[in-house]
Amino acid sequence: MNAQSLPPVTLNTLRDMKRAGEKFACLTAYDASFARLIDDAGVEVILVGDSLGMVVQGRETTLPVTVEDILYHSRCVARGSRRALLMVDMPFMSYATPEQALRNAARLMQEGGAHIVKLEGGAVQADIVRQLTERGIPVCAHLGLQPQSVHKLGGYRVQGREASAAQVMRDDARALQAAGADMLLLECVPAVLAAEITLASEIPVIGIGAGPGCDAQVLVLYDMLGITLGKRPKFSRNFMQDNPTPQAAIAAYAHAVKNGAFPAPEHTFS
Ligand code: KIV
């Protein structure tokens, strides 16, 4: 079936898919043309990630990305997409206080066309998540490896391997859901822990480097198209290797996520 003949994706669509045990796909996009390809391939969620700092702007980390940067790319993506739910990252330090979070999240929705915003952090963000969601701003909370904290973490590494860290992540997931979070995203988390958190959560859980047990998967578009600057992360896969065009690669990715073929054991952490 042509993806465009289906109704627009909403949070209810994704909750229903979780309940039905149906996997959904998410991909990052930063411009209108790729947003249209991703949308046409039936990918349910498009993420305007602050990864744009690295893959579009050529920076070392996501930290320099500003609200204006994200707004620019979000507007471009919103013009290209027709059916997908549009998730937009809140940049580093754009949500340090509830007031600032509210002001910036409102801009991402009003000026950027976001349907849901994503922010990094655990239970410490519960007040901000409550503040946003009680005012009608849907939130996805990003746990596990949080790239905006790369200097605090001492590098990009798997999170939650030690028993104490795993327990903190379980508690964070519960606290964020209780505060009103509409989705969780787990990055670089051992597959068993991610599956456990997914099972315990009523809200959909998107994984990246978090194994096949999550409700959905996300990848950075450029990684799955094989145009990563430097080394492609272990958890990603170059779908251009077996497909003749970006359109075919994106469709193959969506298909592989939905039928559980991606991620395979070589893309997961223990
Ligand atoms: O910014 C981004 O692209 C992300 C994904 C890595 C999940 O947050």
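Definitions and cut-offs
Residues numbered from 1 in each chain as written. Predicted model: local features only at pLDDT ≥ 70, side-chain atom pairs only at ≥ 80, totals over all residues. Heavy atoms only, no water. Near = heavy atom within 4 Å. Polar contact = N/O pair within 3.5 Å; in protein donor to acceptor, adjacent residues only side chain to side chain. Nonpolar A, V, L, I, M, F, W, Y, C, P; charged D, E, K, R; others polar. Phe/Tyr/Trp six-rings, centres within 6.5 Å; stacked < 30°, edge-to-face > 60°. Helix = DSSP H or I, 4+ residues; strand = E, 2+ residues; numbered from the N terminus. Buried < 20%, exposed > 50% of the residue type's maximum accessible area, 1.4 Å probe, protein only. Pairing = 2+ DSSP bridges. Axes fitted to C-alpha atoms, helices over the stretch in contact; angles between N-to-C directions. Salt bridge = Lys/Arg side-chain N within 4 Å of Asp/Glu carboxyl O. Parallel < 35°, antiparallel > 145°, perpendicular 65-115°, else oblique. Left-handed = near helix turned anticlockwise from the far one by under 90°. Contact = heavy atoms within 4.5 Å. Core = buried A, V, L, I, M, F, W, Y, C linked by side-chain atoms within 4.5 Å.

Student: What's the story with the site of the ligand in this structure? I'm lost.
Tutor: Gly49, Asp50, Ser51, Asp89 and Lys118 are the nearest of the 13 residues found near the ligand. Aspartate 50 has a polar side-chain atom sitting 3.0 Å from an oxygen atom of the ligand. For the ligand, an oxygen atom lies 2.5 Å from a polar atom in the side chain of serine 51. Each residue belonging to the shell around the ligand can be placed in one class, and the counts come to five nonpolar, four polar and four charged.

Student: Honestly, the packing of aromatic side chains in this entry has me stumped. Any pointers?
Tutor: Centre-to-centre distance and the angle between the planes together describe a pair of aromatic rings. A full pass over the atoms with the stated rule returns four aromatic pairs. Consider the rings of phenylalanine 239 and tyrosine 253, whose centres lie 5.6 Å apart with planes at 80 degrees: the pair is edge-to-face. Pair noted here: phenylalanine 239 is in the loop between α10 (221-224) and α11 (246-258) and tyrosine 253 is in helix α11, with a separation of 14 residues, a long-range link. For the pair shown, phenylalanine 239 and tyrosine 253 are each scored as buried. Among the aromatic residues, those joined into a cluster by ring pairs are Phe239, Tyr253 and Phe262.

Student: How should I be thinking about the sheet that holds strand β7 (residues 205-208) in this particular structure?
Tutor: Whenever strands of a sheet pair, they do so through backbone hydrogen bonds, lying parallel or antiparallel. Judged by pairing direction, the barrel is parallel, and its eight strands sit side by side in the order β1-β2-β3-β4-β5-β6-β7-β8 before closing back on the first. Mean inter-strand twist for the sheet, computed between neighbouring axes without regard to direction, equals 25 degrees. The sheet contact formed by strand β1 (residues 24-28) and strand β2 (residues 45-48) spans three bridges and is parallel. By the bridge assignment for β2, threonine 28 is matched with leucine 47.

Student: Sorry, what's going on with the pattern of salt bridges here?
Tutor: When the charged atoms of two side chains with opposite charge come close together, those side chains can pair. Scanning all chains against the criterion turns up twelve salt bridges. Between aspartate 40 and arginine 82 there is a salt bridge whose closest N-O contact spans 2.9 Å. Of this pair, aspartate 40 sits in helix α2 (residues 32-40) while arginine 82 sits in the loop between α4 (67-80) and β3 (85-89), and the two are 42 residues apart along the sequence. On the basis of relative accessibility, which here comes to 46%, the residue arginine 82 falls in the partly exposed class.

Student: What am I meant to see in the environment of asparagine 104 here?
Tutor: In this fold, asparagine 104 is placed in helix α5 (residues 98-110). Overall, the relative accessible area of 11% leaves asparagine 104 in the buried class. In this structure, the C-alpha to C-alpha distance between asparagine 104 and leucine 71, residues 33 residues apart in sequence, is 10.0 Å. Within the local environment of asparagine 104, its side chain forms a polar contact with the backbone oxygen of serine 94, the two atoms lying 2.8 Å apart.

Student: It is not clear to me how the packing of α4 against α5 should be interpreted in this structure. Could you clarify?
Tutor: Running from N to C, α4 and α5 point in directions that differ by 20 degrees, and their axes come no closer than 9 Å. The angle between α4 and α5 places the two elements in the roughly parallel class. In the crossing of α4 with α5, the sense of the turn from one axis to the other is right-handed. Contacts between α4 and α5 involve Val67, Glu68, Ile70 and Leu71 from the former and Asn104, Arg107 and Leu108 from the latter. Residues belonging to the contact of α4 with α5 are distributed by class as follows: four nonpolar, one polar and two charged.

Student: Explain the environment of leucine 221 to me, please; I cannot follow it from the model alone.
Tutor: Structurally, leucine 221 is set in helix α10. In sequence terms leucine 221 and glutamate 187 are 34 residues apart; their C-alpha atoms lie 16 Å from each other. Setting aside residues no more than four positions away along its own chain, leucine 221 makes contact with Leu27, Thr28, Phe34, Ile38 and Ile250.

Student: So what exactly am I meant to see when it comes to the side chain of asparagine 238 here?
Tutor: Assignment of secondary structure puts asparagine 238 in the loop between α10 and α11. Within the local environment of asparagine 238, its side chain forms a polar contact with the backbone nitrogen of methionine 240, the two atoms lying 2.9 Å apart. Setting aside residues up to four positions removed in sequence, asparagine 238 forms contacts with Asp223, Met224, Leu225, Gly226 and Arg232.

Student: Mind showing me how you'd approach the nonpolar core here?
Tutor: One recurring pattern in soluble globular proteins: nonpolar side chains tend to sit buried together. Grouped together as the largest cluster of nonpolar side chains are 87 residues, with contacts concentrated most on Leu27, Leu108, Leu132, Met183, Met224 and Tyr253. The dominant element in this core, judged by the number of residues it contributes, is α11, at six residues. Here leucine 27 is in contact with Ile38, Val43, Val45, Ile46, Leu47, Val218, Leu219, Leu221, Met224, Ile250 and Tyr253, once residues within four sequence places are set aside.

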